[in-house]
Amino acid sequence: MSDSLYREILLDHYKSTKHRFENLEATSKEEGKNPLCGDTITVYTQMDGDKISKISYTGHGCSISMASSSMMCESLEGCTIDEAIERIGRFKKMLLTDEEVEFSDDLSDLEAMTGVKKYPVRIKCALLVWNTVEQQLKGMR
Ligand code: ZN
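Everything quoted here is computed from the prediction, not taken from an experiment.

Student: Help me understand the layout of surface pockets in this model?
Tutor: Over the atoms a probe the size of a water molecule is rolled, and this reveals where empty space is left. Of the pockets and cavities examined, the largest pocket occupies roughly 210 Å³. Lining of the largest pocket is provided by D3, Y6, R7, L10, I64, A112, M113, G115, V116, K118, Y119 and R122. Split into classes, the residues belonging to the lining of the largest pocket amount to 7 nonpolar, 1 polar and 4 charged.

Take a look at the structure:
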């Protein structure tokens, strides 16, 4: 993928409001903060048995943290807790290591975040929502 395509994907997610709402019926609500940048995100996860039936977020922060939140919701909704934790692990590995990480076609948007690796300060912004939801899901297991 080219840099301009990556930027376009990030911008689409940044602007997306599909998963950006407070869910009053959420099973669990978890807040994450990145004091370095001022990003504050709350994740609302609604479970149906072991499955994430609805996932959304509210908050404010830089474009990277917001785009990453939209991507996270898009890729984890419908997953079981174990599947979600596996996807979170792969996303983190993509940003934190030099290992080649591949995603299936329906998750290929996530690869757009690799551009962030060039800016170490921004990696925390991209990972904030993923660490927040990981903590939340591990608490449910
Ligand atoms: Zn940020």
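The structure having been displayed, the exposition proceeds.
Student: Could you clarify how one ought to interpret the packing of aromatic side chains in this entry?
Tutor: How two aromatic rings sit relative to each other is set out by the distance from centre to centre and by the angle between their planes. Evaluated as defined, the whole model comprises 1 aromatic pair. Measuring from centroid to centroid gives 4.0 Å for F91 and W130, while their planes differ by 10°, and the two rings are stacked. Of the two residues, F91 sits in helix α3 (residues 81-96) while W130 sits in helix α4 (residues 120-140), which places them 39 residues apart along the sequence. Each member of the pair F91 and W130 is classed as buried.

Student: Where do I start with the sheet that holds strand β2 (residues 39-48) in this structure?
Tutor: Adjacent strands of a sheet pair through backbone hydrogen bonds, lying either parallel or antiparallel. Read from one edge to the other, the open sheet built from 3 strands follows the order β1-β2-β3, with strand pairing classed as antiparallel. Taken across any chain shown, the strands that pair with only one partner, and hence form the sheet edges, are β1 (28-34) and β3 (51-60). Strand after strand, the sheet turns through a mean of 20° between neighbouring axes, direction not considered. In the sheet, β2 pairs with β3 via 9 bridges, with the strands oriented antiparallel. When the sheet's bridge partners are listed, I41 is paired in β3 with G59.

Student: Please clarify how the coordination of the zinc ion should be interpreted in this entry.
Tutor: Metal coordination angles have textbook ideals: 109.5 degrees for a tetrahedral set of four donors and 90 or 180 degrees for an octahedral set of six. Here the zinc ion is held by C37 (SG), D39 (OD), D39 (OD), C62 (SG) and C125 (SG), and the distances to it run 2.2 to 2.7 Å. In terms of primary sequence, the donors binding the zinc ion are separated according to C-x1-D-x22-C-x62-C. A residue pair is termed long-range when its members are at least 10 positions apart, and D39 in strand β2 and C62 in the loop between β3 and α2 (63-76) qualify at 23 residues.

Student: Any chance you could explain the pairing of β2 here in plain terms?
Tutor: Successive residues of a regular strand alternate their side chains across the two faces of the sheet. Most of β2 is tucked away: 9 of the 10 residues are buried. Examined bridge by bridge, β1 and β2 share 7 bridges and lie antiparallel to one another. Paired with K29 across the bridge in β2 is Y44. Linking β1 back to β2 in an antiparallel pair, the connection comprises 4 residues, with G38 at a positive phi of about 90°. Counted along the chain from β2 to the antiparallel partner β3, the turn is 2 residues long, and its residue G49 has a positive phi close to 65°.

Student: Sorry if this is basic, but what is going on with the nonpolar core here?
Tutor: Among soluble globular proteins, nonpolar side chains are generally buried collectively. Formed by 41 residues in total, the largest nonpolar core has its most connected members in M72 and M113. Elements with a minimum of two residues in this core: α1 (3-15), β2, β3, α2, α3 and α4. Looking at which element gives the most residues to this core, the answer is α4, with 9 residues. Excluding its chain neighbours within four sequence positions, the residues that come into contact with M72 are V43, I55, V129, W130 and V133.

What counts, and at which threshold
- Residues numbered from 1 in each chain as written.
- Predicted model: local features only at pLDDT ≥ 70, side-chain atom pairs only at ≥ 80, totals over all residues.
- Heavy atoms only, no water.
- 1 Å grid on protein atoms, 1.4 Å probe; cavity = no way out; pocket = protein on both sides within 12 Å on 5 of 7 lines; lining within 4 Å.
- Points joined across faces, edges and corners; volume = space filled by probe spheres on them.
- Nonpolar A, V, L, I, M, F, W, Y, C, P; charged D, E, K, R; others polar.
- Phe/Tyr/Trp six-rings, centres within 6.5 Å; stacked < 30°, edge-to-face > 60°.
- Helix = DSSP H or I, 4+ residues; strand = E, 2+ residues; numbered from the N terminus.
- Buried < 20%, exposed > 50% of the residue type's maximum accessible area, 1.4 Å probe, protein only.
- Pairing = 2+ DSSP bridges.
- Axes fitted to C-alpha atoms, helices over the stretch in contact; angles between N-to-C directions.
- Donors = N, O, S within 2.8 Å, 3.2 Å for Na, K, Ca; no water.
- Core = buried A, V, L, I, M, F, W, Y, C linked by side-chain atoms within 4.5 Å.
- Contact = heavy atoms within 4.5 Å.

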